[in-house]
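Each chain is listed here by its residues.
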Amino acid sequence: MKTKRTKNKVLNMCILATLVVAVLFATVTISAARFSSVISSDSTNRGAKWWVKVNNYEAFSTQSFIVNLADTADENENVAEGTVAPGSSGTLTFLIDCTSCEVDVVYTLSIDFHDAATEYPNIMFFVGTSGQSDYQEIEIGETQISGQIPLNIENMSTQSETVEINWVWPVDESVNESEFAGKDFQFDVTIIASQDQSNL
């Protein structure tokens, strides 16, 4: 009788031990499966790419250029090539390339005198066409023009913008501008690009 009870106890203990092991194994397996699924789903996520270039120069956030007006002047049969004079005009062109960027981009562009100690003629900078709604004068050292380049995930090759800054040296017969003869006129152009957070 004792032997039968002992056998039953042993059998019950074995069954109980087997159940405990099975439950522990199942818990560990489920935990491992959950951990694996979290790791595998997170591993596909990554930070969006940020890569902006201005005129083929990488610009992490800011890019500055020193521009010599004579290098950007339009052809003028009344002015020697490589020089500027009253009546000269030209265009500064900047390609802001965000084709490798995976966020909306906003930018600002400003112009300043390269050498504050140098006397500059009254050069006018502007964007757009005079008399049109897109026309805007740019005051040296003060005005910033801005723009947005939206993300186009379907066709990222469209994520660029060409900014053209026009300039002109007006003819003013009332001013003696002979003091500017033989001088170079350089300007600093600064472009700052950042992620557009207006819709976040």
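All values derive from a computational prediction rather than experimental measurement.

Engineer: What am I meant to see in the overall build of the protein here?
Structural biologist: Within the protein one finds one helix and 10 strands. In sequence order, the protein lays out its α and β elements as α-β-β-β-β-β-β-β-β-β-β. Taking contacts inside the protein between residues at least 6 apart in sequence as the whole, the part at least 24 apart equals 76%. When the accessible surface of the protein is summed, it comes to about 13600 Å², and 52% of that surface belongs to carbon and sulfur atoms.

Engineer: Hey, could you run me through the packing of aromatic side chains in this one?
Structural biologist: Here a ring pair, both rings aromatic, is described through the centre-centre distance and the interplanar angle of the planes. Taken as a whole and assessed by the stated rule, the structure comprises 11 aromatic pairs. When the ring of Phe 125 is compared with that of Phe 187, the centres are 5.0 Å apart and the planes differ by 75°; the resulting orientation is edge-to-face. One end of the pair, Phe 125, is in strand β6 (residues 124-127); the other, Phe 187, is in strand β10 (residues 186-195), with 62 residues separating them in the sequence. Residue classification places Phe 125 among the buried positions, given a relative accessible area of 1%. Look at Phe 187 and you get buried, because its relative accessible area is 2%. Note on Trp 169 and Phe 180: the rings are 6.1 Å apart at their centroids and 75° apart in plane angle, and the pair reads as edge-to-face.

Engineer: Where do I start with the sheet that holds strand β5 (residues 105-113) in this structure?
Structural biologist: Each strand in a sheet pairs with its neighbour through backbone hydrogen bonds, running either in the same direction (parallel) or in the opposite one (antiparallel). If you trace the four strands from one edge of the open sheet to the other, you get β3-β10-β5-β8, paired in antiparallel fashion. Every interior strand has two partners, whereas the edge strands, β3 (62-68) and β8 (144-149), have only one. Looking at each pair of strands side by side, their axes are set apart by 20° on average, direction ignored. In the sheet, β5 pairs with β8 via six bridges, with the strands oriented antiparallel.

Basis of the calculations
Residues numbered from 1 in each chain as written. Predicted model: local features only at pLDDT ≥ 70, side-chain atom pairs only at ≥ 80, totals over all residues. Heavy atoms only, no water. Helix = DSSP H or I, 4+ residues; strand = E, 2+ residues; numbered from the N terminus. Contact = heavy atoms within 4.5 Å. Areas by Shrake-Rupley, 256 points an atom, 1.4 Å probe, with all protein chains shown as cover. Phe/Tyr/Trp six-rings, centres within 6.5 Å; stacked < 30°, edge-to-face > 60°. Buried < 20%, exposed > 50% of the residue type's maximum accessible area, 1.4 Å probe, protein only. Pairing = 2+ DSSP bridges. Axes fitted to C-alpha atoms, helices over the stretch in contact; angles between N-to-C directions.

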